[in-house]
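# Per-entry structural report
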Amino acid sequence: MEANEVNSFIRASFGGGGASEVSAQGVHELDLLLKAVDRASLSDDELISSTNTTAEERTYVMDTPISFEKEKDTEFRLARTSYRVDSIPAGKFIKIVCQLSDDPSIVVVTDTSDDGFKLSLLATVDYPSDRIKEMPLFDDNIDAVDMSTDSNYVLILISGKLQVVSRTANAILSFKNDTNIAAIGGLHVSVWPALEYQQMYADSWRLLRDYFYDAELHQIDWEEVFDRYLPLVERCGKREELDDVMRQMGGELSALHVFVKGGETSSPNRGDNSLEDITAIASLGATLRRSTVMNGYEVIEIPEIDPDFHMIDGEPMYSPLSNQELRLTGQQGLKPGDIIVGVNGEHVMNSPSINMFLRGKAGESVRLEVQRVSSNSKFTELRHAKMRLLKNNNTDEDTPRTEPLVVVPLSATERDSLIMAAWEWKTRQRAKALASEAGFTVGYIHLQDMSGLSEDAFARGFYPDHDKQALIVDVRHNSGGNIDSWLLDTLQRKAWMYWHNRVDTDGVLMWDEQFAFRGHLIVLIDEKTSSDAEAFARGVSELGLGKLVGKRTWGGGIWLDSDNKLVDGGITTAPEFGVYNDKYGWGLGIEQMGVVPDIEVDNNPRDAYEGRDTQLEVAISELKEWLKNEEVVMPKNPGRPKSMSKRRNDPEGCSV
């Protein structure tokens, strides 16, 4: 036994995880070889007999036999089974767990929204009825559910308890919570990282081979690529190093949508979120500048967002120093020019950075000591009034005084969302101001990505301004998604008919198609416009909807699903869907090239830092010239409607 390499390998101290799979693969190959030798010595009859499997030996439900001859299918099982699909009751079913082994009924997971996820049984009623009845199995929510490897049992995780239920009708229907609980307290998985890395490298290579949109893999010798990078995998000491190798391997395909991300990476916090919160730096949601002259941190800017849309992810979001945030607590917000001198009793100049006092303080109350240079508060007013009333007061009223201010700092993610929302609001106001100076009206929309949240942003920005003379859709720094077709469909609507009533003083009440944009369109793009945002920009250009202003985009024109996951939850994404048309061929001129704007202009970093947006200014200037050459005006009505009636004294009228 010890001379057998497979057996000695399995008996190694750290065998398990990737090690077990590697060894099992060798055993499987050896087993296939032995079976091939045995089969070679069998006669034809013996060979056929050895491959037959009886129904009792099968561990899965057999498909319904299909027959169109009445004598062989007297109950019309195929027709009834197909028809029953329409009889499934309405519900939000998110997963089919299994079909019962002795009954055609199906176990499903139902999303009950507020209540969570529950298990239900879609039970088929006896023939001749084609009805399907939903039967909740029990009241408790489930954490997870799946099948055992041999498909004979349903594994249900409820409140951290793993319950095992046979896949039979009686077992499922009689199942109750707190029964059939598996003892998993001492269950552990042994993983040999070095061998798991080899497994994930092989899986990543194989999934790229099988998922990539081009079956010939851009004429790359994919076997040679595997062999070339494998020695580097064997030297990887941690997941991050494996990521580097897989990026290099995937990069051989020269496709921009190959990403390596996720997985079980090392962390000093060892999965303890509380430790991560301790080290995370909270934010006061403002631009601050350290000032030795003022002996504190001067408030330079407090971000302001659209007051009509101040909700971020369903929660109201303002700067912790703003008046909108603090007035509900009876306090007054700060203004640019005010000074922060202390945090929780510590003077801010005692540390190299104010951030040292804000570690782990996100969502917690923090006491600031502030000097109000620009703002005012009731506390300051009362203090000044008291000083004026005191007799023989030698105190100089101009002497800086501090006062307390209790605020709740933001997390890093909340801060980023606030800054982005404030930039969008400021840019929208700037666009409208520039257009007003130029003598026309404009709508402005910024899309952060191409997802559902950006659908909301587009609807908020487009429909109120669909009747403006011009529209700017800003997809700079857009990370992509999958809504380009919806945006293009909306922008392609044409006005062909106009409504008017007798009291309408503007000449036109509305037009059809409703909410069709009749003005001139410009799309702002830059080097960080990526993926689906590039497809949108290309669509605007190809469909003749507008002009592109900015810089050449990222250059990713092969789309993907991102569902080829690895064993530790990470992924090396595979570009799966190539796109083309007659003009550009594969990649639409986007892949590896990017979309080139009609008017190329860059934002100078210094100007951008100081708040100037050159690309926006050029867009407004281009729209001004465009409107001079092609005015956007309402069509005049044809005048008083012509009478279609014949008068009595009309010689050509009716003789009667």
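This text goes with the structure placed above it.
Let us look at the structure shown here. Just so you know, these numbers come straight off a predicted model, no measurement behind them.

## Regarding the overall build of the protein
From N to C terminus, the protein includes 17 helices and 28 strands. Taking all contacts inside the protein whose residues are at least 6 apart in sequence as the whole, residues at least 24 apart take part in 64%. Carbon and sulfur atoms make up 51% of the accessible area of the protein, which totals about 39800 Å².

## A look at helix H15 (residues 532–542)
When you tally the buried positions in H15, you get nine out of 11 residues, the bulk of the element. Considered for burial, the residues of H15 that qualify are Asp 532, Ala 533, Glu 534, Ala 535, Phe 536, Ala 537, Arg 538, Gly 539 and Val 540. Looking at the buried positions of H15, the neighbouring elements they touch are strand E18 (470–474), helix H14 (484–491), strand E21 (520–525), strand E22 (547–550) and strand E23 (558–559). After H15 finishes, the residue Gly 544 shows a positive phi value of roughly 70 degrees.

## What to know about the side chain of His 257
Looking at the secondary structure, you find His 257 in the loop between helix H8 (239–251) and strand E8 (260–261). Side-chain polar atoms of His 257 contact the side chain of Ser 531, separated by 3.0 Å. Not counting residues up to four positions away in its chain, the partners in contact with His 257 are Ser 531, Trp 554, Gly 556, Gly 557, Ile 558, Leu 560, Thr 573 and Pro 575.

## Here we look at the packing of helix H6 (residues 193–211) against H8
Interhelical geometry of H6 versus H8 gives an angle of 25 degrees and a closest axis separation of 11 Å. When the interaxial angle is binned, H6 and H8 end up roughly parallel. The interaxial crossing formed by H6 with H8 has right-handed handedness. Note on element contacts: H8 touches H6 through Arg 239, Leu 242, Val 245, Met 246, Met 249 and Gly 250, opposite Tyr 197, Met 200, Tyr 201, Ser 204, Trp 205 and Leu 208. Of the residues belonging to the contact of H6 with H8, the class tally is nine nonpolar, two polar and one charged.

## Topic: empty space enclosed by the protein
Following the criterion strictly, the structure yields one cavity of 30 Å³ or more and no others. When its volume is computed, the largest cavity comes out at roughly 30 Å³. Contributing to the lining of the largest cavity are Leu 119, Leu 137, Phe 138, Val 154, Ile 156, Val 165, Ile 172 and Phe 175. When its residues are assigned to classes, the lining of the largest cavity shows eight nonpolar, no polar and no charged.

## Topic: the pattern of salt bridges
As enumerated under the stated definition, the model contains 27 salt bridges in all. Measuring nitrogen to oxygen at the nearest pair gives 3.3 Å for the salt bridge that ties Arg 247 to Asp 244. Placement of the pair is Arg 247 and Asp 244 together in helix H8, with a separation of three residues, close to one helical turn. By relative accessible area, Asp 244 is classed as partly exposed at 42%. Two residues, Arg 372 and Glu 403, come together in a salt bridge whose shortest N-O distance is 2.9 Å. A residue pair is termed long-range when its members are at least 10 positions apart, and Arg 372 in the loop between strand E15 (366–371) and helix H11 (378–389) and Glu 403 in strand E16 (residues 403–407) qualify at 31 residues. Taking the relative accessible area as the measure of exposure, Glu 403 reaches 5% and is therefore buried.

## A few points about the sheet that holds strand E1 (residues 93–99)
Spatially, the four strands line up as an open sheet ordered E1-E2-E3-E4, and their pairing is antiparallel. With one partner strand each, in any of the chains shown, E1 and strand E4 (132–136) form the two edges of the open sheet. Across this sheet, the average inter-strand angle for adjacent strands is 30 degrees, counted without regard to direction. Where strand E2 (residues 106–111) lies against strand E3 (residues 117–124), six bridges are found, and the strand directions are antiparallel. Bridge pairing links Val 109 to Leu 119 in E3.

## Brief notes about the sheet that holds E18
Taken together, the five strands give an open sheet; going across it, the order is E17-E18-E21-E22-E28, and neighbouring strands pair in parallel fashion. Every interior strand has two partners, whereas the edge strands, strand E17 (442–446) and strand E28 (599–600), have only one. Relative to E22, E21 is paired through four bridges, and the arrangement is parallel. Paired with Ile 525 across the two strands is Gly 550, which belongs to E22. Of the strands in this sheet, E17, E18, E21, E22 and E28 touch helix H17 (residues 614–629), which is tilted by about 160 degrees from E21.

## Regarding unusual backbone geometry
Residue Glu 513 is reached from Asp 512 by a cis peptide bond, and omega for that bond is 15 degrees. Within the fold, Glu 513 resides in the loop between strand E20 (510–512) and E21. One non-glycine residue, Ser 151, adopts positive backbone phi at about 65 degrees. Within the fold, Ser 151 resides in the loop between strand E5 (144–147) and strand E6 (153–158). The backbone of Ser 562 shows a phi angle near 60 degrees, a positive value even though the residue is not glycine.

## Brief notes about the layout of surface pockets
Leftover empty space is mapped by rolling, across the atoms, a probe with the size of a water molecule. By volume, the largest pocket is sized at about 1200 Å³. Looking at the lining of the largest pocket, the element that brings in the most residues is helix H12 (residues 412–438), giving 10 residues. Residue composition of the lining of the largest pocket, by class: 13 nonpolar, 10 polar and 14 charged.

## Here we look at the nonpolar core
Taken as a class, soluble globular proteins show a tendency for nonpolar side chains to be buried jointly. The biggest cluster of nonpolar side chains holds 26 residues, and the ones touching the most others in it are Leu 447, Leu 521, Val 523 and Phe 536. For this core, the elements supplying multiple residues, two or more each, are helix H13 (452–462), E18, H14, E21 and H15. If you tally residues by element for this core, the top one is H15, at four residues. Core analysis: the next-biggest nonpolar cluster, separate from the first, contains 25 residues, Tyr 201, Val 245, Met 249 and Val 258 among them.

## A word on the pairing of strand E10 (residues 296–301)
Note that strand E9 (residues 287–291) and E10 share five bridges and pair antiparallel. Across the sheet, residue Arg 290 finds its bridge partner in E10, namely Tyr 297. Hairpin connection from E9 to E10: four residues lie between these consecutive antiparallel strands, with Asn 295 at a positive phi of about 60 degrees. Direction of pairing for E10 relative to strand E13 (residues 339–343): antiparallel, over a ladder of two bridges. Within the sheet, the bridge partner assigned to Glu 298 lies in E13 and is Ile 339.

## Thoughts on a nonpolar patch on the surface
The grouping of Val 293, Met 294 and Val 373 at the surface amounts to a nonpolar patch, some 290 Å² of accessible area in total. Turning to its location among the elements, Val 293 is positioned in the loop between E9 and E10.

## Points about the packing of aromatic side chains
In the structure shown here, the tally under the stated rule is 11 aromatic pairs. Between Trp 205 and Phe 226, the aromatic rings sit 5.0 Å apart at their centres with planes inclined by 65 degrees, giving edge-to-face as the arrangement. Remark: Phe 226 occurs in helix H7 (residues 222–233) and Trp 205 occurs in helix H6; sequence separation between them is 21 residues. When sorted by exposure, Trp 205 lands in the same class as Phe 226, which is buried. Consider the rings of Tyr 463 and Phe 515, whose centres lie 5.2 Å apart with planes at 85 degrees: the pair is edge-to-face. Here Tyr 463 is found in the loop between H13 and E18, whereas its partner Phe 515 is found in the loop between E20 and E21, with 52 residues between them in sequence. A connected cluster of aromatic rings, assembled from ring pairs, spans Phe 458, Phe 462, Tyr 463, Trp 486 and Phe 515. Over the ring of Tyr 584 we find Arg 538, and its NZ or CZ is 4.2 Å from the ring centre. Above the ring of Trp 626, the side-chain terminus of Lys 547 is found at 4.4 Å from the ring centroid.

What counts, and where the lines are drawn
Residues numbered from 1 in each chain as written. Predicted model: local features only at pLDDT ≥ 70, side-chain atom pairs only at ≥ 80, totals over all residues. Heavy atoms only, no water. Helix = DSSP H or I, 4+ residues; strand = E, 2+ residues; numbered from the N terminus. Contact = heavy atoms within 4.5 Å. Areas by Shrake-Rupley, 256 points an atom, 1.4 Å probe, with all protein chains shown as cover. Buried < 20%, exposed > 50% of the residue type's maximum accessible area, 1.4 Å probe, protein only. Polar contact = N/O pair within 3.5 Å; in protein donor to acceptor, adjacent residues only side chain to side chain. Axes fitted to C-alpha atoms, helices over the stretch in contact; angles between N-to-C directions. Parallel < 35°, antiparallel > 145°, perpendicular 65-115°, else oblique. Left-handed = near helix turned anticlockwise from the far one by under 90°. Nonpolar A, V, L, I, M, F, W, Y, C, P; charged D, E, K, R; others polar. 1 Å grid on protein atoms, 1.4 Å probe; cavity = no way out; pocket = protein on both sides within 12 Å on 5 of 7 lines; lining within 4 Å. Points joined across faces, edges and corners; volume = space filled by probe spheres on them. Salt bridge = Lys/Arg side-chain N within 4 Å of Asp/Glu carboxyl O. Pairing = 2+ DSSP bridges. Core = buried A, V, L, I, M, F, W, Y, C linked by side-chain atoms within 4.5 Å. Patch = residues over 30% accessible without salt bridge, like charges linked within 9 Å, V, L, I, M, F, W, Y side chains within 5 Å. Phe/Tyr/Trp six-rings, centres within 6.5 Å; stacked < 30°, edge-to-face > 60°. Lys NZ or Arg CZ within 6 Å of the ring centre and 35° of its normal.

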